[in-house]
Amino acid sequence: MTSSASFDTLESIQADIAELIERLPTLKHRQYIRQALLTIVRLADSELDRLDWKILSASLADMERGFELFHNYRHVRKVTIFGSARLSPETPEYQMAVDFARYVSQLGFMVMTGGGGGIMQAGHEGAGRENSFGLNIQLPFEQQANPIIEGDPKLIHFKYFFTRKLFLLKESDAVALFPGGFGTQDEAFECMTLSQTGKFGPVPVVLIDHPGGDYWRSWSEYIDKQLVQKGLVSPEDPSLYTVTDDLVIACNAITRFYQVYHSSRYVGDRLVIRLNTDLSDAEVEKLNADFGDILVQGRIEKSHALPQEGQDEAFDLPRLVLYFNQRDLGRLYQMIAEINNMGKPSPEERGHPERK
């Protein structure tokens, strides 16, 4: 019985692979599908251990669930909320997180958390189940999904922390961090590291205390004293984040980030910045005067979509194109802030910051 079932499964796999190979020349992303298939083929001929294959297959299963869920929400901007799982609803931090999530959901953003208790539950409470994603982690002890998101189709249980964190950052258009323990500190520093190295974003990162609280203010003072003043990070790197105990400032830091700036990508060695509205020639000249130091060659120039962007869903948006040095990310964030002080977005664009 087992042998027959295994043979039937093998035949099914062979049929599926044969069909995929036949369709491959017509598939939209055939180049990357081919690369993935070749990677599996090469690994199959290597001497990987059983544990290596378990990690690979479970990671792919994690990513399959994440890709399938978020594909239907790819045009909606999302805010990831990090913070302690230990804070109770009676604490001011919890209530601050509830209010923040409510405000950003009213602005049209959806909210993502790790799906557990504390600040994660507060985020779902404020945003409401319909506006929430839960990215839980499978553990042998604790970390049950909170009652607000439990049973919702937008709740995923990941096997690995690294695949879970991949989606918490990959799918986010803003990150809000509330006070927390080692995990929250890890998430804060990883956000900074990935932003500083250009592996994440640009997106707004907001560190939120309750009114009068000093958790993130003390953290920021540590960064300044121990990292900035000692030359361990660039003086501009604190531009990667905003520290506040005011929810109006926190929400404005997020919505204002997308007032004129829309998104960015690399095309070859050029950084392409998509804009919600065009800039004047004089405004582009000012950007060149103020930020010429971050260019490796040439100038910041206005552009339409480049030929390589033919399948870009933001094809119709105006652009700025530049040879960014890929090092001074703090300065790039400062330039985005200046861009958002320029231009005149339409009332519709101002009213819908959540649209990608």
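Residues numbered from 1 in each chain as written. Predicted model: local features only at pLDDT ≥ 70, side-chain atom pairs only at ≥ 80, totals over all residues. Heavy atoms only, no water.

Engineer: Any chance you could explain the state of the cysteines here in plain terms?
Structural biologist: The bond known as a disulfide is covalent and runs between the sulfur atoms of two cysteines. All told, the structure shown has zero disulfides when counted by the stated rule. Unpaired in terms of disulfides, Cys191 finds its nearest cysteine sulfur in Cys251, a separation of 18 Å. (Disulfide = S-S within 2.5 Å.)

Engineer: Help me out: how do you make sense of helix H7 (residues 182–196) in this one?
Structural biologist: Over its 15 residues, H7 extends 21 Å from the first C-alpha to the last, a length consistent with the 21 Å expected when each residue adds 1.5 Å. Turning to H7, its buried residues number three or more, namely Thr184, Glu187, Ala188, Cys191, Met192 and Ser195. The arc that holds every buried residue of H7, seen down its axis, measures 130 degrees, which confines them to one face. Those residues of H7 hidden inside the fold are in contact with strand E1 (78–82), helix H6 (161–170), strand E5 (174–177), strand E6 (205–208), helix H8 (215–228) and helix H11 (329–340). Backbone geometry just downstream of H7 places Gly198 in the positive-phi region, at approximately 75 degrees. (Helix = DSSP H or I, 4+ residues; strand = E, 2+ residues; numbered from the N terminus. Expected span 1.5 Å × (residues − 1). Buried < 20%, exposed > 50% of the residue type's maximum accessible area, 1.4 Å probe, protein only. Arc of directions from axis to C-beta. Contact = heavy atoms within 4.5 Å.)

Engineer: Would you mind showing me how to read the sheet that holds strand E2 (residues 110–113) here?
Structural biologist: Neighbouring strands of a sheet are bound in pairs by backbone hydrogen bonds; such pairs are parallel or else antiparallel. Strands sit in the order E4-E3-E2-E1-E5-E6-E7 across an open sheet of seven strands; the sheet is parallel. Strand pairing shows two members of the sheet lacking a second neighbour, strand E4 (155–158) and strand E7 (242–244), which therefore form its edges. Direction aside, the axes of adjacent strands within the sheet are offset by 20 degrees on average. On top of the sheet, H6 reaches E1, E2, strand E3 (132–137), E4 and E5; it is set at about 160 degrees to E3, its chief contact. Packing against the sheet, helix H9 (residues 247–257) makes contact with E1, E5, E6 and E7, and its axis sits at approximately 170 degrees to E6. (Pairing = 2+ DSSP bridges. Axes fitted to C-alpha atoms, helices over the stretch in contact; angles between N-to-C directions.)

Engineer: So what exactly am I meant to see when it comes to the sheet that holds strand E8 (residues 261–267) here?
Structural biologist: Ordered by their spatial adjacency, four strands build an open sheet running E8-E9-E11-E10, and the pairing between neighbours is antiparallel. Here the strands that pair on one side only, and so sit at the sheet edges, are E8 and strand E10 (295–303). Strand-to-strand, the axes of this sheet are offset by a mean angle of 15 degrees, without reference to chain direction. Looking at chain direction, E10 and strand E11 (residues 319–324) are connected through five bridges and run antiparallel. For Glu301, the partnering residue across the bridge sits in E11 and is Val321. Running at roughly 165 degrees to E10, helix H10 (residues 281–291) makes contact with E10 and E11 of the sheet.

Engineer: Looking at this model, I keep getting lost on unusual backbone geometry. Mind explaining?
Structural biologist: Trans peptide bonds make up the majority, and among non-glycine residues the majority have a negative phi. A cis amide bond links Gly201 to the next residue, Pro202, at an omega of 10 degrees. One non-glycine residue, Gln326, adopts positive backbone phi at about 60 degrees. Looking at where Gln326 falls in the secondary structure, it is placed in the loop between E11 and H11.

Engineer: What exactly am I supposed to notice about the packing of aromatic side chains here?
Structural biologist: Each aromatic ring pair is described using two quantities: the centre-to-centre distance and the angle formed by the ring planes. Across all of its chains, the model carries 15 aromatic pairs by this definition. Seen from their ring centres, Phe100 and Phe178 are 5.9 Å apart, and the 65 degrees between their planes marks the pair as edge-to-face. A residue pair is termed long-range when its members are at least 10 positions apart, and Phe100 in helix H4 (residues 92–106) and Phe178 in the loop between E5 and H7 qualify at 78 residues. Since its relative accessible area comes to 0%, Phe100 is described here as buried. Their ring planes at 70 degrees and their centres at 5.4 Å tell us that Trp219 and Tyr241 sit as a pair that is edge-to-face. A residue pair is termed long-range when its members are at least 10 positions apart, and Trp219 in helix H8 and Tyr241 in the loop between H8 and E7 qualify at 22 residues. Chaining the aromatic ring pairs together yields one cluster made of Phe67, Phe70, Tyr73, Phe133, Phe158 and Phe167. Above the plane of the ring of Tyr258 lies Arg77, whose end atom (NZ or CZ) is 3.8 Å from the centre. (Phe/Tyr/Trp six-rings, centres within 6.5 Å; stacked < 30°, edge-to-face > 60°. Lys NZ or Arg CZ within 6 Å of the ring centre and 35° of its normal.)

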